[in-house]
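Here's the letter readout for the chains.
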Amino acid sequence: MDQYFVVGNPIKQSKSPVIHHLFAEQTKQSLNYDKKLIDDDDFEQAISRFKKANVKGVNVTAPFKERAFNLCDELSEFAAKAGAVNTLIIEEGKIKGDNTDGVGLVNDLLNHQVSLSGQRILILGAGGAAKGVVAPILDHQPSQLIIANRTLKRAQDIANQYPNKAIDVLTFDELANVSVDLIINATSAGLNGQSLPIPPSIITPSVICYDMTYGKELTPFLTFASQAGCEKLIDGLGMLVGQAAQSFYLWRGVMPQVKDVIDKLRAQM
Ligand code: ATR
């Protein structure tokens, strides 16, 4: 049976095995998918062992996405732009790297009837999570893309990756005079119990607020957005399932349906 893994450190929390087994059941594919904790000094060797053992594919999560990028024989355009890889496809002794996070986000937004084309989009944060989604968002031709970050240089570094696109780089303070249609939180502030210093004036009832993180309760960013008057709040559970669906498609050539899987995970939370 074809074997797949998700690797990271920590990895206990990963829902990927559950998601991929649900996809396999739905699409009648025969495969096995397990999670594996990898020591910090063992990542490259672990991937090499997988390759020798004829493992077909690997999902890579924190903190190894940049190291996965560095060990690939070939990279997709999205992976090359992101500088990070979350999906390894092992074929004929070669490792191809892709990044499905951005496709997962964009598809989840489209599933929520949120269009990107012609819209003014604000990304909060300029770390790995933000970097991974910029290229697929730009492919949908927003009228404006702003990246706001506490450390301005990191946002500027992302913008510099796209010399032919006009990406605006702002501090959180500068957002006070800005108006947008969609705000995507790609910071890790909420995960660490910290709040974001964004001006509430940017959130109006018609703005859509998306948080790449998710939880049983409304996330801190979505709670803030709700209190500031936002009426359409979306968390990142659909993005998680969407990036997995795109990895599954790259490996198996079949695109699974995400809705039932998202509903099942939501019910288990
Ligand atoms: P990830 O891979 O999850 O993106 P990361 O690369 O460490 O993790 O990036 C975390 C992001 O959250 C960064 O944009 C970070 O801002 P800095 O670049 O200034 O560090 C942002 N972030 C984390 N905690 C924050 C906080 N309390 N306020 C504002 N931004 C925060």
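Predicted model, so just to flag it, every value in this text is computed and none were measured.

1. Quick word on the sheet that holds strand 9 (residues 167–170)
Phase 1 of the analysis: Pairing in this open sheet of six strands is parallel, and the strands run 9-8-7-10-11-12 from one edge to the other. Where the open sheet ends on each side, the last strands, each with one partner, are strand 9 and strand 12 (232–234). Recorded for the sheet is a direction-independent mean angle of 20° between the axes of neighbouring strands.
Phase 2 of the analysis: The strands touched by helix 9 (residues 220–227) within the sheet are strand 7 (120–124), strand 10 (182–185), strand 11 (208–211) and strand 12, with strand 11 carrying the most contacts at an inclination of about 165°.

2. Quick word on the pairing of strand 7
Phase 1 of the analysis: In terms of burial, strand 7 is a largely internal element, four of the five residues being buried.
Phase 2 of the analysis: As paired strands, strand 7 and strand 8 (residues 144–148) are joined by five bridges and run parallel to one another. Note on strand 8: the bridge partner recorded for Arg-120 is Gln-144.

3. So, the environment of Thr-151
Phase 1 of the analysis: Tracing the chain through its elements places Thr-151 in the loop between strand 8 and helix 8 (152–160).
Phase 2 of the analysis: The class for Thr-151 is partly exposed, based on a relative accessible area of 39%.
Phase 3 of the analysis: Taking the C-alpha atoms as reference points, Thr-151 and Asp-235, separated by 84 residues in sequence, lie 24 Å from one another.

4. Side note on the side chain of Gln-246
Phase 1 of the analysis: Assignment of secondary structure puts Gln-246 in helix 10 (residues 237–252).
Phase 2 of the analysis: Under the relative-accessibility criterion, Gln-246 is labelled buried at 16%.

5. Some details on the sheet that holds strand 3 (residues 57–60)
Phase 1 of the analysis: An order of 2-1-3-5-6-4 is seen for the six strands of this open sheet, with the pairing classed as mixed. Each of the sheet's edge strands pairs with one partner strand only, and the pair in question is strand 2 (31–37) and strand 4 (74–75).
Phase 2 of the analysis: Sheet strands touched by helix 10: strand 1 (2–8), strand 2, strand 3, strand 5 (87–91) and strand 6 (94–98). Its angle to strand 5, the strand with the most contacts, is close to 10°.

6. Observations concerning the environment of Pro-199
Phase 1 of the analysis: Its location among the elements puts Pro-199 in the loop between strand 10 and strand 11.
Phase 2 of the analysis: Of the residues examined, Pro-199 reaches a relative accessible area of 14% and is grouped as buried.

7. A word on the site of the ligand
Phase 1 of the analysis: Looking at the ligand, there are 15 residues lining it, with Ala-126, Asn-149, Thr-151, Arg-154 and Gln-194 nearest.
Phase 2 of the analysis: One nitrogen or oxygen atom from the main chain of Ala-126 is found 2.9 Å from an oxygen atom belonging to the ligand.
Phase 3 of the analysis: Contact between the ligand and Ser-188: an oxygen atom at 3.1 Å from a main-chain N or O atom of the residue.
Phase 4 of the analysis: Here the residues of the shell around the ligand sort into five nonpolar, eight polar and two charged.

8. So, helix 5 (residues 101–111)
Phase 1 of the analysis: Among the eleven residues in helix 5, eight count as buried, and that is most of the element.
Phase 2 of the analysis: Every buried residue of helix 5 is accounted for by Asp-101, Gly-102, Val-103, Gly-104, Leu-105, Val-106, Asp-108 and Leu-109.

9. Things to note about the nonpolar core
Phase 1 of the analysis: Counting 30 residues, the largest nonpolar core has Leu-105, Val-134, Ile-137, Leu-182 and Ile-184 as the members making the most contacts within it.
Phase 2 of the analysis: Listed by contribution, the elements that provide at least two residues to this core are helix 5, strand 7, helix 7 (134–139), strand 8, helix 8, strand 9, strand 10 and strand 11.
Phase 3 of the analysis: Here this core takes four residues from helix 7, the largest share from any one element.
Phase 4 of the analysis: Discounting residues that sit within four places of it in the chain, Val-134 has contacts with Ile-123, Leu-145, Ile-147, Ile-158, Tyr-162 and Ile-167.

Here is what the cut-offs are and how they apply
Residues numbered from 1 in each chain as written. Predicted model: local features only at pLDDT ≥ 70, side-chain atom pairs only at ≥ 80, totals over all residues. Heavy atoms only, no water. Pairing = 2+ DSSP bridges. Helix = DSSP H or I, 4+ residues; strand = E, 2+ residues; numbered from the N terminus. Axes fitted to C-alpha atoms, helices over the stretch in contact; angles between N-to-C directions. Contact = heavy atoms within 4.5 Å. Buried < 20%, exposed > 50% of the residue type's maximum accessible area, 1.4 Å probe, protein only. Near = heavy atom within 4 Å. Polar contact = N/O pair within 3.5 Å; in protein donor to acceptor, adjacent residues only side chain to side chain. Nonpolar A, V, L, I, M, F, W, Y, C, P; charged D, E, K, R; others polar. Core = buried A, V, L, I, M, F, W, Y, C linked by side-chain atoms within 4.5 Å.

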